[in-house]
Amino acid sequence: MIDAITIFTNGGVVLWSYCFIKLKGDPINQLIKTVLLEERTGESVVRLDPYNVKWKLVNELELVFVVVYQGIQNLLYIDALLDSVKTAFIEHIGGKVNLSCRKVAFEAKFMKILQDCETKAKEIKRTTVMRSFCETKKGKAATKKDSKKKAGGGGAKGEEEEEEEGDDDDGTTHNGNGGKGDDHGDDKQQQGTDGMSKEAIMAENRKKMMARIKGGGKKGSADTGKQDKGQEGGEGDSPQEGKKGKKKAPRFWSEQKVTSQNMRALDYSLKGKDEEGVDTGKPVAVGAVDRSAYIDDDAEMEMDEADDNDDPLASDEEEEEEGDSGTKAASGAIGGLFKRLTDSVQNITGNKVLTDEDINTVLVDFKTNLMAKNVATDIAEKLAQSVKTSLIGQRTERFTTVRATVKKALTEAVQRILTPKKSVDVLRAALEAKAQGRVYSIVFLGVNGVGKSTNLAKVCYYLKHKGGLKVMIAACDTFRAGAVEQLRTHARCLEVDLFERGYGKDAAFIAKEAIQTAGNEGYDVVLIDTAGRMQDNEPLMRALAKLVAVNNPNLILFVGEALVGNDAVDQLQKFNQCLVDMSHTSKVRTIDGILLTKFDTVDDKVGAALSMVYITGQPVIFVGTGQKYTHLRKLNVNTVVKALLG
């Protein structure tokens, strides 16, 4: 049973909605924010705890049909329901969307559609009842045999047939000796056993068996005479022994002089053979050999008597069919040519209805280009599928090609993904926290070697010189040798304080102590450095989840390389998952933003930014463009879009 169904336009106007129970939260708005606006419509179902949400787009009318349900439902049932509701609703409103559609009465039709879909689903789930033994062939045969015994009828013949023959389930009939039944043998046996009792039949069969044992034959005594006669006839010499054997002439392939005589002797292509397959040495006509091998005499005579047509064996009906097929092929070719010409003209003039084939032809090139620009393969596939879903059924604009239409939709989709949905001004957030008397804390996390410590120093320089904030650096990388010394050098260059407790200590409690010290001594911002760790290192990932859970920082920044490709998906997914699964508090935190390093080394291969934002739904807050403290920039969305699709 579904929980709710809603029909609304792309602009967010709800045309009709029906709820069976009160929903927890607002899954429809959550779907719009996290899926529809984030270009994730390539997937038709999403899990929004505790609900599953499935939707269907109608691009011609700019409508969205959404079903909300719990648990594991039959997807075929949900798909059928959405299709039926879509068809019925479009027919109900007359195929046009206007203001009057908001007052539509659709409950009665919907209830009938829902009832029909549930009935069909129950019929599909209904399992076949297992047959009883009496309903099988063996069971029927056994029942028939028992009924005959009770009735006392059937005679010796019926008893013999029941005992000597049986029908298996596959319909194969076996005789009493275990072999397959033979019609001729059964007739002989029936003729020989008519009017005989069961004991007499058994005695006769025993005699035949003893005769076969003594004579060494496999057949009964009735065939003994035939066997003896065959043995007597075979005592003489065989017919082959009476014939004179012809010796095969030896062949000499080497150590001979190359003469015309030897060459003719070795040329067997034009020499015939006798009945025994021995070469006769006489030449045979090549045409005669070919005709005798491939054409019978009768067929040859029939062909000689046939009319002089191209195909003398073809009938009038076949000729008519060939003519019809030729006409159809010609008309099909003309129709296909007309369709191609129409598509070509509409591709230039516009007003062409986009089909799946049209979009796929163009999307393949764009998808390949995105992957060449370092976009992860899965992300490129999902983005292309989402764009295709949003374009199918729409018409191109006037004097706009299909390629231009698809490129425009793809550009808008990438812009929507990269555009931040919330404020990414870290300086403003830190100043607001200072005004409220709170310490603003930022945690930097990521894999090994991406530049966390260096970019932490850049952010420190930015907050100190742009906002005049008092910054403290907390050295919580107690695992890597030289990590504390590196931060001590940065702190001395930046003229800020460093909070450190050496190596081998618990990073979570070092960060907690640093935040407490900063609050007591009047610091505005605490930048927490963490050890680099691979996403599959469970002990270090568990320690990171503990640090976040204990200190609850204001901002969690994932530091990633702009050089990374497909691995960006795995890194972000596992870092986010570990923060959720390994947290021991009810308030779960995930990554809040991304700091992209080494952005100056990738030229136009900026696809990592798109991959990371698509996976997390969080914006890129900073990009590192060099080695100096001032080489820190904010992401320019238009520049990235131009690099990806320009």
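Residues numbered from 1 in each chain as written. Predicted model: local features only at pLDDT ≥ 70, side-chain atom pairs only at ≥ 80, totals over all residues. Heavy atoms only, no water.

Next up on the list: the side chain of Asn59. Mapped onto the elements of the fold, Asn59 is located in the loop between strand S4 (51-58) and strand S5 (63-70). A polar side-chain atom of Asn59 sits 2.5 Å from the main-chain carbonyl oxygen of Thr389. Reaching out from Asn59, the side chain makes a polar contact with the backbone oxygen of Ile392 at a distance of 2.8 Å. Each residue touching Asn59, except ones within four places of it in the same chain, is listed here: Thr389, Ser390, Leu391, Ile392 and Gln394. (Helix = DSSP H or I, 4+ residues; strand = E, 2+ residues; numbered from the N terminus. Polar contact = N/O pair within 3.5 Å; in protein donor to acceptor, adjacent residues only side chain to side chain. Contact = heavy atoms within 4.5 Å.)

In the UniProt entry, the feature "domain: SRP54-type proteins GTP-binding" (unreviewed entry) is given for residues 619-632. Along residues 619-632, the helical share is 0% and the strand share 43%, with 16 Å between the first and last C-alpha atoms. (UniProt positions renumbered as here; feature names shortened; annotations may be inferred.)

This brings us to the pattern of salt bridges. Enumeration according to the criterion identifies 20 salt bridges in this entry. Where Lys54 meets Asp79, a salt bridge forms, and the shortest distance between an N and an O atom there is 3.3 Å. Taken together, the residues Lys54 in strand S4 and Asp79 in helix H2 (residues 75-92) connect sequence positions 25 residues apart. You can call Lys54 buried: its relative accessible area is 5%. We classify Asp79 as partly exposed; its relative accessible area is 27%. In this structure, the salt-bridge partner of Lys367 is Glu381, at a minimum N-O distance of 3.3 Å. Taken together, the positions of Lys367 in helix H14 (residues 356-372) and Glu381 in helix H15 (residues 377-391) put the pair 14 residues apart, joining distant regions of the chain. (Salt bridge = Lys/Arg side-chain N within 4 Å of Asp/Glu carboxyl O. Buried < 20%, exposed > 50% of the residue type's maximum accessible area, 1.4 Å probe, protein only.)

As a further point, take the environment of Leu463. Mapped onto the elements of the fold, Leu463 is located in helix H18 (residues 452-467). With 37 residues separating them in the primary sequence, Leu463 and Val426 have C-alpha atoms 8.4 Å apart.

Quick look at the pairing of S5 now. Burial within S5 is extensive, with seven of its eight residues counted as buried. Summarising the sheet, strand S1 (residues 4-9) and S5 pair through six bridges and their orientation is antiparallel. If you follow Thr6 over to S5, its bridge partner there is Val66. Summarising the sheet, S4 and S5 pair through eight bridges and their orientation is antiparallel. In the strand pairing of S5, Leu57 is matched with Val64. (Pairing = 2+ DSSP bridges.)

Bringing the pairing of strand S16 (residues 620-624) into the picture now. The buried fraction of S16 amounts to five of the five residues, a majority that puts the element mostly inside the structure. Both strand S15 (residues 593-597) and S16 contribute to a ladder of three bridges, which runs parallel. Bridge pairing in S16 links Ile594 to Val620. Tracing the backbone out of S15, into helix H23 (residues 607-616) and back to the parallel element S16 gives a crossover that is right-handed. Inspection of the sheet shows S16 paired to strand S17 (residues 632-633) by two bridges, in the antiparallel sense. Across the sheet, Gly624 pairs through a bridge with Leu632, a residue of S17. (Right-handed = clockwise from strand over helix to strand, strands pointing away.)

Once that is clear, we can look at unusual backbone geometry. Leave glycine aside and you will find that most residues have negative phi; peptide bonds, for their part, are mostly trans. Despite not being glycine, Glu62 has its phi angle at roughly 55°, a positive value. Here Glu62 is to be found in the loop between S4 and S5. Residue classification places Glu62 among the partly exposed positions, given a relative accessible area of 44%. Not every positive phi belongs to a glycine, and Glu495 is a case in point at roughly 60°.

With 15 residues, helix H22 (residues 567-581) should cover 21 Å at 1.5 Å per step; its first-to-last C-alpha distance of 21 Å lies within 8% of that length. Of all the residues in H22, the buried ones are Ala568, Val569, Gln571, Leu572, Phe575, Asn576, Cys578 and Leu579. Residues of H22 that are buried sit in contact with H15, strand S10 (440-445), helix H21 (538-551), strand S14 (555-561) and H23. (Expected span 1.5 Å × (residues − 1).)

With that out of the way, let us pick up the sheet that holds strand S12 (residues 497-499). Overall, mixed pairing links the eight strands, which are arranged S12-S11-S13-S10-S14-S15-S16-S17 in an open sheet. Of all the strands in the sheet, the pair left with one neighbour each is S12 and S17. Docked against the sheet, helix H17 (residues 426-435) engages S10, strand S13 (525-529), S14 and S16, running at close to 140° with respect to S10. (Axes fitted to C-alpha atoms, helices over the stretch in contact; angles between N-to-C directions.)

Our focus in this paragraph is the side chain of Asp592. By the secondary structure assignment, Asp592 is in the loop between H22 and S15. Apart from residues no more than four positions distant in its own chain, Asp592 is found in contact with Lys422, Asn554, Leu555, Ile556, Gln618 and Pro619.

So, on to the nonpolar core. Judged by nonpolar contacts, the single largest core of 106 residues is most densely connected at Phe444, Leu463, Leu527, Leu596 and Leu644. Here the element with the most residues in this core is helix H16 (residues 402-418); it accounts for eight residues. Residues from two domains meet in this core; each of domain 3 (344-418) and domain 4 (426-645) gives at least three. In this structure Leu596 touches Gly560, Glu561, Ala562, Ala609, Met612, Val620, Phe622, Val623 and Gly624, once residues within four positions along its chain are discounted. Counting 27 residues, the second-largest nonpolar core is a separate cluster that includes Phe65, Tyr77, Val85 and Ala121. (Core = buried A, V, L, I, M, F, W, Y, C linked by side-chain atoms within 4.5 Å. Domains from an automatic or database assignment.)

This part covers a nonpolar patch on the surface. On the surface, Met209, Met210 and Ile213 cluster together to form a nonpolar patch covering roughly 290 Å² of accessible area. With respect to the secondary-structure elements, Ile213 resides in helix H7 (residues 198-215). (Patch = residues over 30% accessible without salt bridge, like charges linked within 9 Å, V, L, I, M, F, W, Y side chains within 5 Å. Areas by Shrake-Rupley, 256 points an atom, 1.4 Å probe, with all protein chains shown as cover.)

Across the protein, the average pLDDT comes to 77, with 71% of residues at or above 70. Predicted confidence is poor over residues 154-192, with pLDDT under 50, and the contacts of this stretch with residues over four places away or in other chains come to 32 contacts. Predicted confidence for residues 284-323 stays below pLDDT 50, and this span has eleven contacts to residues more than four positions away or in other chains. (pLDDT = per-residue confidence, 0-100.)

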